[in-house]
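Breakdown of the fold
Listed below, chain by chain, are the residues.
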Number of protein chains: 2
Amino acid sequence: MQIIKTIELMQEVSEKWRMDGNIISFVPTMGFLHQGHIELLRVGREKGDRLIMSIFVNPTQFGPKEDYEKYPRDTGGDLNNARSAGVDAVFMPTVEEMYPEGFQSTVRLEEITQHLCGKSRPGHFAGVTIVVGKLFNITKPHLAIFGEKDYQQLIVIKQMVKDLNMGIEVIGVPTVREKDGLAMSSRNNYLSSEERASALSLKKGLDLARDMVAKGERNPAKIKNAVMELILNHPFTEIDYIALCNPEKLTDIKRVDRPCLLALAVRVGNTRLIDNVILREN
Amino acid sequence: MQIIKTIELMQEVSEKWRMDGNIISFVPTMGFLHQGHIELLRVGREKGDRLIMSIFVNPTQFGPKEDYEKYPRDTGGDLNNARSAGVDAVFMPTVEEMYPEGFQSTVRLEEITQHLCGKSRPGHFAGVTIVVGKLFNITKPHLAIFGEKDYQQLIVIKQMVKDLNMGIEVIGVPTVREKDGLAMSSRNNYLSSEERASALSLKKGLDLARDMVAKGERNPAKIKNAVMELILNHPFTEIDYIALCNPEKLTDIKRVDRPCLLALAVRVGNTRLIDNVILREN
C-alpha cells in the first residue's frame, strides 16, 4: 500500500493506473475509520481494480464554531484498516498542500444546498464540494463511493459531478449501524455513555416514521411531530431539523404519496448527529 | 474532422485518445473565428497529437444587457477554418446540452475576478469558469490554449486549473493584431468604419504608455492620464477602465518598478473592446 502525501505524485500514480486500463475506485474520508468506512472500502475494492482512499480533515467544511480542531484523528489505526481493506494507495495531504497561499476558488451548488444541513451549517457544502472536486481531479477515479448516512452530501456530490461533467460514477452505500441501530459516525466518539443511549432516539424516530407510513399516515406534519416527541423524550437531545422532503430536490413535501426522504439532525449534548431513511408509501 | 454535439461522445473520443497515449490540445472558442483563433489552433496543433476546438457561445458569461443575442455566428466558416487548421474534433454542443434542467453549480474565483473586467462585468468570469471547467472535463485535454488579449480570462483559468488541480497546462498566446495594430476580436465586426478608425486608439494608448515607461516615467497616474487623453481624443470613445496593475494579482500598483500590466477596456460606439500590454521598466 502506497502512502502518498503530494498532489503531484497522486496524480502521476492515478494517471498511470488509468493508462494501464485499471478501473479506479475512490473513497474519500476524514479518517478515524469505522465500520461504515470499511463498508465503503469493501464496495470500492469489489468494483474497482485499484482502490484509493484519502484521509483529509478538511477545514473548509467546518464552521468557525464547529469541531475541526477536536475532530478525532488516528492515522496509525486508519492505515492498518486501509491495509486490511485492500487499499492500494492512501492519499493524505497536508492542509497547505490542498489550500496553498493564493487559493481562491469555490464550487457551489445553488439549490440543493439550501436545505437540511446546508441551512444549519452555512458554508459546509461549499467546503465539501471544493475539497471533493479537488480530490476527484487528484485521484482521477472512475468510481467514487459515499455513505448514505450523509445523504445530502451524496446527492450534492452527484449533482456536482453531473453539472461539471466529471465523468465519475458516484455510488451511495447504505448506512452501517451498530447492533442497537445507531448509525456509524466518527462523531459517536464524542458521546458519553448516557448520551450514547439517547442517541438511539434518531434511529427510533426513523423507525417510528416508517411504521406510521406503513400504517397509512400521509401527513408530513403528523409524522414529524411524532418523531420530534419521541426524540425529545430522550435526555440531552435538541433538534436541529426534522425534514420530510423530495429525495432529489430536498424540498419539503406536502403529502407522503411517493418515496420521500426523512432526514434528521439532532444534538445530543454537544454532539450533532444526523440520520435518514427513505420512506415508501407501501 | 469529427463534429461532435454531445458531451457523452466527446468524452468517449477524448478518453480513447488519451488511452492511446495521445497528447490532447484544446482551444475553446465562441466561434466566428479570426486570425487570433487560427493562431491558437496553430499552437495547439504544434504542441499536441490531437487538437480539439469547441464552438459554444456561452450564455452564462454575458450580462443581461450584453450582446449574447447578437454575438456573431458563422458555423460554416468556422468549420472550414477548423479543417484548414488541422482540427481533429470540433465540439459544438447546444445550450441545453451544457446547461440542462436542474443545473445549479458555480465555480468562482474570489480575488482576481474583483478587478478590471470582473468589476465592470459582474458575473462574467463566473460564466467563464463554469463553462471552461465543464469543457475541460468534457474534452480532457493535456494542453489548453488561450489568447493573451483576454488577459484576465487567461490568468483566471490558470488559477482555476491550479486551485482545482485540473492537471492541464494552460498556454497563453500573444495577441494577434491587424496590420494597423487593432487587436483581433470577433467584436471588431460590430464597428463602423469610422469607429474602426477610433478603435486604433487602444493600441496607440498601449504604445504611448510603453514609450513613457521606456523614457523613465514611473508614475501610474501620469501614464494612465496620458493614455486616457489620447483615447478620448478619438471620436466615439468612452473609457470603461484603464488599469496599471500587478500582472498576477491584478491589484493596482503604486509605481512602475517591475513588469506590470496595462489593461484597457474602451467602448467605441456601442462596442466594448479590450487590449493590454505588459510594461517593463527597461
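In this report, we go over the structure that sits alongside the text. (Residues numbered from 1 in each chain as written. Chains lettered and ligands numbered in written order. Predicted model: local features only at pLDDT ≥ 70, side-chain atom pairs only at ≥ 80, totals over all residues.)

**Re the overall build of chain A**
Secondary structure summary: chain A contains nine helices and ten strands in total. The C-alpha radius of gyration of chain A comes to 19 Å, within 12% of the 19 Å expected for a compact globule of 282 residues. For chain A, the spread of C-alpha atoms along the three principal axes comes to 55 × 40 × 40 Å. Here chain A holds 282 residues, and 45% of them are scored as buried. Long-range pairs, those at least 24 residues apart, make up 71% of the contacts in chain A between residues at least 6 apart in sequence. (Helix = DSSP H or I, 4+ residues; strand = E, 2+ residues; numbered from the N terminus. Rg over C-alpha atoms; globule rule 2.2 N^0.38 Å. Buried ≥ 20, exposed ≤ 12 C-beta atoms within 10 Å, placed from the backbone. Contact = placed C-beta atoms within 7 Å.)

**Thoughts on the interface of chain A and chain B**
Between chain A and chain B, the residue contacts involve 23 residues of the former and 23 residues of the latter. Of all the elements in the fold, those that place two or more residues in the side of chain A that touches chain B are helix 1 (7-19), strand 5 (105-109), helix 6 (124-139) and helix 7 (151-163) of chain A. Of the residues in the side of chain A that touches chain B, the class split is nine nonpolar, nine polar and five charged. Pairing geometry for strand 5 of chain A and strand 5 (residues 105-109) of chain B, over five bridges, is antiparallel. Bridge assignment links S105 of chain A to a residue of strand 5 of chain B, and that residue is L109 of chain B. (Nonpolar A, V, L, I, M, F, W, Y, C, P; charged D, E, K, R; others polar. Pairing = 2+ DSSP bridges.)

**Side note on helix 8 (residues 193-214) of chain A**
All names here are of chain A. Here helix 8 contains 22 residues, and its C-alpha end-to-end distance of 33 Å stays within 8% of the 32 Å for a straight helix at 1.5 Å per residue. Most pronounced at K203, the bend in helix 8 amounts to some 25 degrees. Those residues of helix 8 not exposed but buried are E195, S198, A199, S201, L202, G205, L206, A209 and V213. Residues of helix 8 that are buried sit in contact with helix 9 (220-232), strand 8 (237-245), strand 9 (260-268) and strand 10 (271-279). Of the residues trailing helix 8, G216 is marked for its positive phi of about 110 degrees. (Expected span 1.5 Å × (residues − 1). Bend = angle between axes of the 7 residues up to and from the residue.)

**Focus on the pairing of strand 6 (residues 143-147) of chain B**
All names here are of chain B. A large share of strand 6 lies buried, amounting to four of its five residues. The pairing of strand 2 (residues 24-29) with strand 6 spans two bridges and is parallel. Looking at the pairing, S25 lines up with L143 of strand 6. In the sheet, strand 6 pairs with strand 7 (residues 169-173) via five bridges, with the strands oriented parallel. Note on strand 7: the bridge partner recorded for G147 is V173.

**Notes on the sheet that holds strand 3 (residues 50-55) of chain A**
Residue and element names in this part refer to chain A. With parallel pairing, six strands are arranged side by side in an open sheet as 1-4-3-2-6-7. Bordering the open sheet on either side are strand 1 (2-4) and strand 7 (169-173), each of which pairs with just one other strand. Averaged over all neighbouring strand pairs, the angle between strand axes comes to 25 degrees, with direction disregarded. Where strand 1 lies against strand 4 (residues 89-91), three bridges are found, and the strand directions are parallel. Paired with Q2 across the two strands is A89, which belongs to strand 4. Strands strand 2 (24-29), strand 3, strand 6 (143-147) and strand 7 of the sheet are contacted by helix 2 (residues 35-47), whose axis makes an angle of about 155 degrees with strand 6. Across the sheet, helix 6 touches strand 2, strand 3, strand 4 and strand 6, and the angle it forms with strand 2 is around 145 degrees. (Axes fitted to C-alpha atoms, helices over the stretch in contact; angles between N-to-C directions.)

**Considering the relation of the copies chain A and chain B**
Once chain A is rotated about the relating axis by 180 degrees and shifted along it by 0.0 Å, it coincides with chain B to within an RMSD of 0.0 Å. Look at the turn and shift together and you get a two-fold axis relating the two. If distances are taken from each C-alpha of chain A to the rotation axis, the shortest is found for V107 of chain A, at 2.3 Å. Of all interface residues in chain A, 100% are interface residues in chain B too; the two copies therefore contact each other through one and the same surface. (Least-squares fit on C-alpha atoms with pLDDT ≥ 70 in both.)

**Some details on unusual backbone geometry**
Generally, phi is negative for residues other than glycine and the peptide bonds are trans, each holding for most cases. Positive phi is not limited to glycine here, since F236 of chain A has a value of about 70 degrees. When you line up the elements, F236 of chain A lands in the loop between helix 9 and strand 8. Phi is positive for L250 of chain B, close to 65 degrees, though the residue is something other than glycine. The residue L250 of chain B is located in the loop between strand 8 (237-245) and strand 9 (260-268) in this model.

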